[in-house]
Amino acid sequence: MQKYADYIKQIEIDSLWSGKKHILWTLDPHVNVLSGINGVGKSTILNKVFRSVNTNGDIINHLLKGVHIIAEPENATHVRFDIIRSLDSPVLDLNTMTHVDSRITSALDFQLYHLQRKYLDYQVNIGNRIIEELQKGNADAAQQLSKQKSRFQDIIDDLFQETGKKIVRTENEIRFSQIGEVLVPYQLSSGEKQMLAIMLTVLVEDMQHYVLFMDEPEVSLHIEWQKRLIDLILELNPNVQIILTTHSPAVIMNGWMDSVTEVSDITL
């Protein structure tokens, strides 16, 4: 039996809005864009799915009334997943955050703090695997292992080039240089923080099969970044399944029109 699913194949919700609507959504293994007017239930559908998969990734069908998830393969018991939310709300408990890092003032900052820890673990893991390959005499395999991190850094440098920010590549934690000054991620703009969080989230999954949920990721992002978003995610990890809601035509402009599903099309 395969423990982790490759992707979610179908989502069924019996009780959307107190049982007034039945949702049946068959998903693509790679890109799924849920669209519709305000108030039609896009975020509600995603939130129902979030709560039907617990923090350990267990598929807990039927424990949350009215939600059923079919994965591929169907005997998988867990789903690797991440959630990107669009609103960068203030941190509610600043006193607690001060003990973690006094520069954290928002939910997105706190997400970046945790991603920094995952980024360090990712680098240790990749470093150990590179050493193993070199000890076996597999120089090409060792070089291949370092490519995703380098590509991630190139992508961020390219996205931030207009403001002159570059990742400091001699640091283990993410730092940026800008006109002789060193910046931490908490000092970036909201749009830069959001794009960095998305790209970091994808990178640290280390090419594994997993599901990335995004609720209106276009908020705070420049239109050119919106156009490139899906392509950049799939470049960093071709094994990711993207499930997102959006109001922005730019997000699907680079050839993703066929990946759009209207809420009305999956409502029975």
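Scroll up to find the structure this text is about.
Since we're looking at a predicted model, the values are computed, not measured.

So, how was this worked out
- Residues numbered from 1 in each chain as written.
- Predicted model: local features only at pLDDT ≥ 70, side-chain atom pairs only at ≥ 80, totals over all residues.
- Heavy atoms only, no water.
- Axes fitted to C-alpha atoms, helices over the stretch in contact; angles between N-to-C directions.
- Helix = DSSP H or I, 4+ residues; strand = E, 2+ residues; numbered from the N terminus.
- Parallel < 35°, antiparallel > 145°, perpendicular 65-115°, else oblique.
- Left-handed = near helix turned anticlockwise from the far one by under 90°.
- Contact = heavy atoms within 4.5 Å.
- Nonpolar A, V, L, I, M, F, W, Y, C, P; charged D, E, K, R; others polar.
- Buried < 20%, exposed > 50% of the residue type's maximum accessible area, 1.4 Å probe, protein only.
- Pairing = 2+ DSSP bridges.
- Right-handed = clockwise from strand over helix to strand, strands pointing away.

Student: Please explain the packing of helix α6 (residues 190-203) against helix α7 (residues 223-236) as it appears in this structure.
Tutor: Two quantities define a packed helix pair, namely the angle between the helix axes and the distance between the axes. In contact at an axis separation of 9 Å, α6 and α7 are set at 20° when each is read in the N-to-C sense. Judged on the interaxial angle alone, α7 and α6 are roughly parallel. Note that α6 runs across α7; the crossing there is right-handed. Only Trp225, Leu229, Leu232, Ile233 and Leu236 of α7 make contact with α6, whose side of the interface consists of Gly191, Glu192, Met195, Ile198, Met199, Val202 and Leu203. For the contact of α6 with α7, a count of residues per class yields 10 nonpolar, 1 polar and 1 charged.

Student: When you look at the pairing of strand β10 (residues 240-245) in this model, what are you seeing that I'm missing?
Tutor: The side chains of a regular strand alternate, residue by residue, between the two faces of the sheet. For β10, the buried fraction is high: 6 of the 6 residues fall into the buried class. Side chains Val240, Ile242 and Leu244 project from β10 onto one buried face, and the interleaved Gln241, Ile243 and Thr245 project onto a second face that is buried too. Looking at chain direction, strand β3 (residues 31-35) and β10 are connected through 4 bridges and run parallel. Bridge pairing in β10 links Asn32 to Ile243. Handedness of the strand β9 (residues 210-215)-α7-β10 crossover: right-handed.

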